[in-house]
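Examination of the molecular architecture
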Amino acid sequence: MTRFFCVFTLIGAFVLSGCSNLSTQSQARINWPDSLAEPASLIDTLDADVITYARVPSPSAWITAPKNNAMGDLLATDANRAAVTTLLDALRQQLAPLGAEGATAGLLLDRLRSPLELAVRLPQGTAVTGAELQLTARLDFDSRAAFEQQLGTLLQGQSGVRQLAPATQSEPGRLSFGVVPGYYQFDPQTRRFTLSAGFASSAQSLAQLGAVANPEHPALKRQAALEDSRYGLYLWANTAAVLPQVETFLPASQVSELDTLGLMNTQELALAMGSRNGQGQTTVLVRGTNGPLWDLSLPDNPATQVKSLGEPDHYFTTVIPDEDWVRRLASASDWSVRDLNQLTAKTGVSWTSLAAGLAGRFSVIADDAGSYLALEPSDAEAFASVLDDLRYLGYTETTAFSTPAGTMSRLQLPFSKLWLDPGMPAMSDWFHRSQDSRGWYIEQDGIWYFATVPQVLLARQQAAPGVSLADWSQQHSDQPTTQFIGQFDSLIQTNYHYYLEGLQTLAHMLNTEIDMLAFPVAPVAQLPEQSRASLSITYRGDTLQATYGYETHPFDPLQGSMGGVAVIGILAAIAIPAYQDYAEQAALYSDI
């Protein structure tokens, strides 16, 4: 069992290592042969009764898949192909002594030439025992006999899975998963392995697998928005059909609690880690109706109208909910409108006027002008009224100054008057004033800009910002509720060097040689100076979605290396079992 765990740790390490050059597009400028990396295909032919679909990427496919970013140019070389091939050959030799577990790891690392696709088909109104498991993948065997030999090695010592009959050209092979029957076939022409398992499975159901295209299946439609490379990790579930099956296995109290939160009303769940539009992307999406989780989704809000002075280094934006959302929140919790009134009664400003004035979009921007805030209230007059109320009640002090672009105001928040106890011993005036906060703001076209010093706002006025943040952040297409985008220096070059370091370390660990001098020099490729990473959350209507975008791998902002993870995987898969064998033998000889 320990070896089995360690082998799959190694597989995960190679998958993560492959993330270091993950960004992919369907129209890539590098044409790798399909024999190295074939995209997913089962998803195009899913039956309407398929309720779950999973795509597990091949480590070698993730490494060799076409890429159309600068990192892909650096790795689309004979040197990288030769290095990956050498490492996989050396790894195969290290895994061979591990028997069935080594055969499993070798199958996934060396033979898998497409994502491993799995689907569960359950006709409506059918009990879970009537489900059919469908599986397909491209495996790099040149004959059916070679595949059968590997399958036999894989099943050695496996008590839960038995081979009842091998596959032939005219008849599928038969397996038993305990009491559940399964049928499989391997086509040496396409090198495609297919499997159908379940009480309703038959040779006919296996023959029908992947036979008819279905462009209307929701898993296929959702894939286009989450992971369009067809090489990455992708999980999809029709939870409206899955949850009633799962509910029977859960305690009633737990079901009741999940139902109260609205989780039992989930309609769809999707997880993807791969790429979209050429940029690496990891996304989690949940869709449902009824219950607090869905009743508290934020209101629609138009894309920002703010323009920045040059492309920003960092940009954060979020929707501020309106009065109706606050009332729904109070209704879903133990609060009441009376509690809200009491909460704001001491301030002299009603919560309804605060909610009406602050509702809209709030952004934080760092660009060539400096760092500043932008507030786009849904009701500009309501926000102006809130500012007037705060000034009248003494919470703010403002002084107006005339500038060529209009009136600019200095804003002071006298916090010393709000929370310092007047009964405290006398303190110097400078200490009282140090507790206050100061800033500047200006209103332009219904947008309020705030900065700590006036020079930031003056720079915006003098240089006429021209970069639409809505276009730059793709808000028009994605419409996120909350979004952060940052640009980081020299990431692709740094990650490329870390990738090469990882190759060197793996070669040393596996006691083999790769030609490091054959790899190109990074500056020759004219790498971009900056790379982008982003995080966006959409919480609107019946959808909750979180998306993390990155240039070449998920740890871009950390400028880290996944090569180290691969090294840990090597140690876990080879060194630890070897030491355990040594320890067991030493104990045996000691007893003798």
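Counting starts from 1 at the beginning of each chain's written sequence and moves along it residue by residue. Per-residue local features are limited, in this predicted model, to residues with pLDDT of at least 70; the limit for side-chain atom pairs, both in listing and counting, is 80 or more; totals at the level of whole chains, interfaces and linings are taken over all residues. To obtain the side-chain values, all non-hydrogen atoms of the structure were included, while hydrogens and water were left out.

Let's shift gears to the overall build of the chain. Helix and strand counts for the chain come out as 22 helices and 22 strands. Residue exposure (1.4 Å probe, protein chains only): buried if accessible area is under 20% of the type maximum, exposed if over 50%, otherwise partly exposed. Counting the 592 residues in the chain, one finds 45% classified as buried. Residues count as neighbours in contact if any of their non-hydrogen atoms are within 4.5 Å of one another. Considering only intrachain contacts with a sequence separation of at least 6, the fraction spanning at least 24 residues in the chain is 70%. Of the roughly 29000 Å² that the chain leaves accessible, carbon and sulfur atoms contribute 56%. For helices the rule is a DSSP run of H or I covering at least 4 residues; for strands it is a run of E covering at least 2, with both sets numbered from the N terminus onward. Computed with a 1.4 Å probe, the accessible areas rest on the Shrake-Rupley method; for each residue, only the protein chains presented here act as cover.

Looking now at a nonpolar patch on the surface. Taken together, L235, L269, L271 and V284 make up a surface patch of nonpolar side chains, about 270 Å² in accessible area. You can see L269 is positioned in strand β9 (residues 266-276). We classify L269 as partly exposed; its relative accessible area is 39%. Every patch collects residues that have over 30% relative accessible area and no salt bridge, joining them within 9 Å if they carry like charges and within 5 Å if they are nonpolar side chains (Val, Leu, Ile, Met, Phe, Trp, Tyr). Here, a salt bridge means any side-chain nitrogen of Lys or Arg that lies within 4 Å of a carboxyl oxygen of Asp or Glu.

Inside soluble globular proteins, nonpolar side chains tend to come together where they are buried. The criterion is simple. A nonpolar core is a set of buried Ala, Val, Leu, Ile, Met, Phe, Trp, Tyr and Cys residues joined through side-chain atoms within 4.5 Å. Counting residues in hydrophobic clusters, the biggest one holds 21 residues, and the most contacted among them are L87, L95, L500, L503 and F519. The element best represented in this core is helix α4 (residues 78-95), accounting for 8 residues. Apart from residues no more than four positions distant in its own chain, L500 is found in contact with M516 and F519. By size, the runner-up hydrophobic cluster in this structure holds 18 residues, among which are L309, Y372, W440 and I485.

So, on to the pattern of salt bridges. This model, assessed by the stated rule, comprises 15 salt bridges. Here E268 and R287 are joined by a salt bridge, their closest N and O atoms 2.9 Å apart. With E268 in strand β9 and R287 in strand β10 (residues 279-288), this pair connects stretches of sequence that are 19 residues apart. The shortest N-O distance in the salt bridge between D388 and R391 comes to 2.3 Å. A residue pair is termed a helical-turn pair when its members lie 3 or 4 positions apart in one helix, as D388 and R391 do in helix α15 (residues 380-392) at 3 residues. On the basis of relative accessible area, D388 is assigned to the partly exposed category, the value being 39%. Look at the salt bridges and you will find they share partners, linking D47, D49, R121 and E132 into a network.

Below, the discussion takes up the side chain of T266. Following the sequence through the fold, T266 ends up in strand β9. For T266, a relative accessible area of 9% corresponds to the buried category. Contacts of T266, omitting those with residues within four sequence positions, involve T239, A240, L243, V286, R287, G288 and W294.

Right, let's talk about the confidence of the model for the chain for a bit. By definition, pLDDT measures how confident the predictor is in each residue, and it falls between 0 and 100. Mean pLDDT over the chain: 78, with 76% of residues reaching 70 or higher. Per-element confidence in the chain is highest for strand β6 (residues 180-187), whose mean pLDDT is 96, and lowest for helix α22 (residues 563-591), whose mean pLDDT is 42. Predicted confidence for residues 1-32 stays below pLDDT 50, and this span has 105 contacts to residues more than four positions away or in other chains. A low-confidence stretch, residues 555-592 stays under pLDDT 50, and its non-local contacts, those more than four residues away or across chains, total 54 contacts.

Turning next to the environment of Q279. If you trace the backbone, Q279 turns up in strand β10. Residue Q279 is classed as partly exposed on the basis of its relative accessible area of 24%. Note: C-alpha distance between Q279 and G549 (270 residues apart in sequence) is 6.8 Å.

On to the environment of Y496. Relative to the helices and strands, Y496 resides in helix α21 (residues 491-509). Residues Y496 and A522, 26 residues apart in the sequence, show an inter-C-alpha distance of 7.5 Å.

We now examine the environment of Y53. Relative to the helices and strands, Y53 is located in strand β1 (residues 50-56). Sequence-wise, Y53 and V120 are 67 residues apart; in three dimensions their C-alpha atoms are separated by 6.6 Å. Reaching out from Y53, the side chain makes a polar contact with the side chain of E117 at a distance of 2.5 Å. The term polar contact refers here to a pair of N or O atoms within 3.5 Å; inside protein, the definition further demands a hydrogen-donor-capable atom paired with an acceptor-capable atom, and it admits residues adjacent in sequence only when both atoms are side-chain atoms.

A few words now on the packing of α4 against α21. In this analysis an axis means a line fitted to C-alpha atoms, helices contributing only their contacting stretch, and an angle means the value between N-to-C directions, from 0 to 180 degrees. Interhelical geometry of α4 versus α21 gives an angle of 35 degrees and a closest axis separation of 10 Å. Judged by the twist between their axes, the crossing of α4 over α21 is left-handed. Along its contact with α4, which presents N80, A83, V84 and L87, the element α21 presents Y499, L503, L506 and A507. Lys, Arg, Asp and Glu make up the charged group, whereas Ala, Val, Leu, Ile, Met, Phe, Trp, Tyr, Cys and Pro make up the nonpolar group; the residues left over, Gly among them, are polar. For the contact of α4 with α21, a count of residues per class yields 7 nonpolar, 1 polar and no charged. Each crossing is labelled by how the near helix is turned from the far one, with a counterclockwise turn of less than a right angle marking it left-handed and a clockwise turn marking it right-handed.

Our focus in this paragraph is the pairing of strand β14 (residues 370-377). A regular strand places its side chains so that they alternate between the two faces of the sheet. DSSP-based pairing: two strands are paired if at least 2 bridges between them are found. The pairing of strand β13 (residues 360-367) with β14 spans 8 bridges and is antiparallel. Bridge assignment links R361 to a residue of β14, and that residue is E376. As paired elements, β14 and strand β18 (residues 447-451) share 3 bridges and run antiparallel to each other. For A374, the partnering residue across the bridge sits in β18 and is Y449.

Here we take up unusual backbone geometry. Both trends apply: most residues other than glycine have a negative phi, and most peptide bonds are in trans. Although it is not a glycine, D445 adopts a positive phi angle of roughly 55 degrees. Mapped onto the elements, D445 comes out in the loop between β17 (437-444) and β18. On the accessibility criterion, D445 (77% relative accessible area) is exposed. Positive phi, normally seen in glycine, also occurs at N511, with a value near 60 degrees. Relative to the elements of secondary structure, N511 occurs in the loop between α21 and β21 (530-540).

Our focus in this paragraph is α15. Along its 13 residues, α15 runs 18 Å from first to last C-alpha, staying within 8% of the 18 Å computed at 1.5 Å per residue. Within α15 the residues assigned to the buried category are A382, F383, V386 and L387. When α15 is viewed along its axis, its buried side chains cluster within an angular range of 145 degrees and face the same direction. Projecting away from the buried face of α15 at angles above 90 degrees are the exposed residues E381 and Y392. Looking at the buried side of α15, the elements it contacts are α14 (351-358), β14, β17 and β18. If you check the start of α15, you find a side-chain oxygen 3.2 Å away from the backbone N of E381, and it comes from D379. Two residues or fewer past α15, G394 is found with a positive phi of approximately 90 degrees. Every helix has an expected span of 1.5 Å times one less than the residues it contains. What the arc describes is the spread of directions from the helix axis to the C-beta atoms.

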